[in-house]
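# Geometric and topological summary
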Amino acid sequence: GLLCACHSVVADFTVIPDKTTVPILTPAYTNRQTSKIRLSNGIEAYLISDPAAEKSAAGMVVQVGSFEDPNEYPGMAHFVEHMLFLGTKQYPDESAFDLFLGNNGGYSNAYTTDDHTAFFFAVDSSAFKDALVRFSSFFKEPLFNASGVDRELNAVDQEYFRGLQQDDRRQYAVLQYLSNPKHPIHRFSMGN
């Protein structure tokens, strides 16, 4: 089942006992299996196997966000989020991941908040294992190619300017302005 497929990819893990006391009664989830595991490197994963799913997907949440930006480099966490998608040692082409996903019915995205950054993708199930290998290489051997720096700085700035008129962004700007100047929330964190 679920852990057998995972075990062929992951060398060493322990199962985290499920403490859920409320059963899921939704009929659409009858054949869904779940498991929580902790890898030997400390990463915890929540696995879901659903034979009725149309796609396979994975995500990674890193507990680093804009609060960790150095004072002299505001927006660094968001910029790094963008740069991780642009080539790895094993897959150096800057568009390799997007092309692979596009050719296999998939997509990817990411976002950065104050205290974490999330990366995720979905793809046709037949291409999931290859996509997962490519995705995991973001976090092991990213290239941070100089050729992508200006383009991604521009992309980050465009995201910032595109959101200036959104109510949630305006509310957040007021919170930043009113916050303690010594707290990281007071700093600019979105663009460059």
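Before reading further, recall that the structure is shown in the block above.
As the structure is a prediction and not an experimental result, all values here were calculated from the model.

## Digging into the sheet that holds strand 5 (residues 107–112)
Strand order in the open sheet formed by three strands is 4-6-5, and the pairing between neighbours is antiparallel. Only two strands of the sheet have a single partner each, and these edge strands are strand 4 (56–62) and strand 5. In this sheet, adjacent strand axes meet at a mean angle of 10 degrees when their direction is disregarded. When strand 5 meets strand 6 (residues 117–123), the two strands line up antiparallel, connected through six bridges. Each bridged residue has a counterpart across the sheet, and for Ala110 the counterpart in strand 6 is Phe119. Sitting on the sheet, helix 2 (residues 76–83) is in contact with strand 5 and strand 6, with an inclination near 170 degrees to strand 5.

## What to know about the packing of helix 3 (residues 96–103) against helix 4 (residues 128–140)
Two quantities define a packed helix pair, namely the angle between the helix axes and the distance between the axes. For the pair helix 3 and helix 4, the least separation of the axes is 11 Å and the interaxial angle reads 160 degrees. Judged by the angle between their axes, helix 3 and helix 4 are roughly antiparallel. Handedness of the helix 3/helix 4 crossing: left-handed. Packed against helix 3, whose contacting residues are Ala96, Phe97, Phe100 and Leu101, the element helix 4 presents Asp130, Ala131, Arg134, Phe135 and Phe138 at the interface. In the contact of helix 3 with helix 4, the residues fall into seven nonpolar, no polar and two charged.

## A word on a nonpolar patch on the surface
The grouping of Val174, Tyr177 and Leu178 at the surface amounts to a nonpolar patch, some 390 Å² of accessible area in total. Following the sequence through the fold, Tyr177 ends up in helix 6 (residues 167–178). By relative accessible area, Tyr177 is classed as exposed at 68%.

## Section: the packing of aromatic side chains
Counted by the stated rule, this structure contains 13 aromatic pairs. An angle of 75 degrees between the planes, with centres 4.9 Å apart, marks the rings of Phe97 and Phe138 as edge-to-face. Pair noted here: Phe97 is in helix 3 and Phe138 is in helix 4, with a separation of 41 residues, a long-range link. Phe138 carries the same exposure label as Phe97, and that label is buried. Consider the rings of Phe138 and Phe139, whose centres lie 6.1 Å apart with planes at 55 degrees: the pair is tilted. The buried category is assigned to Phe138, whose relative accessible area is 2%.

## Section: the packing of helix 2 against helix 5 (residues 149–162)
One can describe the packing of helix 2 onto helix 5 by two numbers: an axis separation of 10 Å at closest approach and a directional angle of 120 degrees. Taken together, the axes of helix 2 and helix 5 lie oblique to each other. Of the two possible hands of crossing, helix 2 and helix 5 adopt the one that is right-handed. Listed contacts from helix 5 to His78, Phe79, His82 and Met83 of helix 2 are Val149, Glu152, Leu153, Ala155, Val156 and Glu159.

## Details of the nonpolar core
Core analysis: the biggest nonpolar cluster contains 14 residues, and Phe97, Leu101 and Phe121 have the highest contact counts within it. Sorting the residues of this core by element identifies helix 3, strand 6 and helix 4 as the ones contributing at least two each. Filtering out sequence-adjacent residues up to four positions away, Phe121 remains in contact with Ser56, Ala57, Ala58, Phe97, Leu101, Tyr107, Ser108, Phe128, Ala131, Leu132 and Phe135.

## Let's talk about helix 2
Turn by turn, an α-helix covers 3.6 residues, leaving residues three or four places apart pointing in a common direction. Burial runs high along helix 2: six of the eight residues are buried. By the burial criterion, the buried members of helix 2 are Ala77, His78, Phe79, Glu81, His82 and Met83.

## Structural notes on the pattern of salt bridges
The final tally for this structure, using the stated rule, is seven salt bridges. Here Asp50 makes a salt bridge to Arg32, at a shortest N to O gap of 2.9 Å. Highlighted residues: Asp50 in the loop between strand 3 (44–49) and strand 4 and Arg32 in the loop between strand 1 (13–16) and strand 2 (33–39), separated in sequence by 18 residues. Taking relative accessible area as the criterion, Arg32 reaches 32% and is therefore assigned partly exposed. We note a salt bridge from Glu94 to Arg151, for which the minimum N-O separation is 2.4 Å. Taken together, the positions of Glu94 in the loop between helix 2 and helix 3 and Arg151 in helix 5 put the pair 57 residues apart, joining distant regions of the chain.

The rules behind the values
Residues numbered from 1 in each chain as written. Predicted model: local features only at pLDDT ≥ 70, side-chain atom pairs only at ≥ 80, totals over all residues. Heavy atoms only, no water. Pairing = 2+ DSSP bridges. Helix = DSSP H or I, 4+ residues; strand = E, 2+ residues; numbered from the N terminus. Axes fitted to C-alpha atoms, helices over the stretch in contact; angles between N-to-C directions. Contact = heavy atoms within 4.5 Å. Parallel < 35°, antiparallel > 145°, perpendicular 65-115°, else oblique. Left-handed = near helix turned anticlockwise from the far one by under 90°. Nonpolar A, V, L, I, M, F, W, Y, C, P; charged D, E, K, R; others polar. Patch = residues over 30% accessible without salt bridge, like charges linked within 9 Å, V, L, I, M, F, W, Y side chains within 5 Å. Areas by Shrake-Rupley, 256 points an atom, 1.4 Å probe, with all protein chains shown as cover. Salt bridge = Lys/Arg side-chain N within 4 Å of Asp/Glu carboxyl O. Buried < 20%, exposed > 50% of the residue type's maximum accessible area, 1.4 Å probe, protein only. Phe/Tyr/Trp six-rings, centres within 6.5 Å; stacked < 30°, edge-to-face > 60°. Core = buried A, V, L, I, M, F, W, Y, C linked by side-chain atoms within 4.5 Å.

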